[in-house]
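Fold and geometry: a report
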Amino acid sequence: MNITHIEHIGIAVRDLEATIDYYEQVLGLSCYSVELVPDQQVRTAFFKVGETKLELLEATSPESPIAKFIEQRGEGLHHLAFAVKAVQPALDLALQKNIRLIDQAPRPGAEGLNIAFLHPKSTFSVLTELCERPQS
Ligand code: ZN
């Protein structure tokens, strides 16, 4: 799949502002971006930790996948995102290996990345995101 690094770790939260406070005031990290991602009905906050980032996700509607996740499993670790050179060939490879896909093709995610998710039923329960930075 040509994974280069862990792009970010996604964490589902109920209250974005309260959680940002914790990461800033206690852990000493600084939030560099808060972004609405209408496609996923979430508001995200990003922190850099070396080459990796943390992505906090708050639902903006009860229909949001994050709202459903929190309802079933509570707040906490939500997904692991790998940076790849290109998402589509990575999805093709996953499909060849009989991995269930959530996204059949890349779609727009936060930070201008193209993203796609692999289904946790096929990934030993870790919701897995693949991210590519589009060439510009
Ligand atoms: Zn993510």
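Before any of the text, the structure's been laid out above.
Cut-offs applied
- Residues numbered from 1 in each chain as written.
- Predicted model: local features only at pLDDT ≥ 70, side-chain atom pairs only at ≥ 80, totals over all residues.
- Heavy atoms only, no water.
- Donors = N, O, S within 2.8 Å, 3.2 Å for Na, K, Ca; no water.
- Tetrahedral: all angles 85-135°; square planar, octahedral: opposite > 155°, others 65-115°.
- Helix = DSSP H or I, 4+ residues; strand = E, 2+ residues; numbered from the N terminus.
- Buried < 20%, exposed > 50% of the residue type's maximum accessible area, 1.4 Å probe, protein only.
- Pairing = 2+ DSSP bridges.
- Contact = heavy atoms within 4.5 Å.
- Axes fitted to C-alpha atoms, helices over the stretch in contact; angles between N-to-C directions.
- Phe/Tyr/Trp six-rings, centres within 6.5 Å; stacked < 30°, edge-to-face > 60°.

1. Things to note about the coordination of the zinc ion
Of the protein atoms, only His8 (NE2), Glu55 (OE), His79 (NE2) and Glu129 (OE) coordinate the zinc ion, at distances of 2.0 to 2.2 Å. Considering all four donor atoms around the zinc ion, angles at the metal cover 83 to 172° and the coordination shape is irregular. Counting along the primary sequence, the residues that act as donors to the zinc ion give the motif H-x46-E-x23-H-x49-E. Of this pair, Glu55 sits in strand β4 (residues 52-59) while Glu129 sits in strand β8 (residues 128-132), placing them 74 residues apart in sequence. Judged on exposure class, the residue Glu55 and its partner Glu129 are both buried.

2. Examining the sheet that holds strand β5 (residues 76-84)
Across the sheet, which stays open at both edges, the eight strands sit in the order β2-β3-β4-β1-β5-β8-β7-β6 with mixed pairing between neighbours. Looking along the sheet, the strands with just one partner apiece sit at the ends: β2 (31-37) and β6 (107-108). For strand β3 (residues 42-49) and β4, the ladder comprises eight bridges, and the chain directions are antiparallel. Its bridge partner lying in β4, Thr44 is registered against Leu57. Here helix α1 (residues 16-26) sits on the sheet and contacts β1 (3-13), β2, β3 and β4; the angle it forms with β3, its principal contact strand, is near 5°. With respect to the sheet, helix α3 (residues 87-96) is in contact with β5, β7 (114-118) and β8, its orientation differing from that of β8 by roughly 145°.

3. Some details on the environment of Leu16
Along the polypeptide, Leu16 turns up in helix α1. Taking C-alpha positions, Leu16 is 20 Å from Thr52, a pair spaced 36 residues apart along the chain. Apart from the residues within four sequence positions on either side, Leu16 is in contact with Val34, Arg43, Thr44, Ala45, Leu56 and Glu58.

4. Here's the deal with the packing of aromatic side chains
By the definition in use, this model includes three aromatic pairs. Measuring from ring centre to ring centre gives 5.4 Å for Tyr23 and Phe47, while their planes differ by 40°; the resulting arrangement is tilted. With Tyr23 in helix α1 and Phe47 in strand β3, this pair connects stretches of sequence that are 24 residues apart. Just as Tyr23 is buried, Phe47 falls in that class too. These aromatic residues form a ring-pair network of at least three members: Tyr22, Tyr23 and Phe47.

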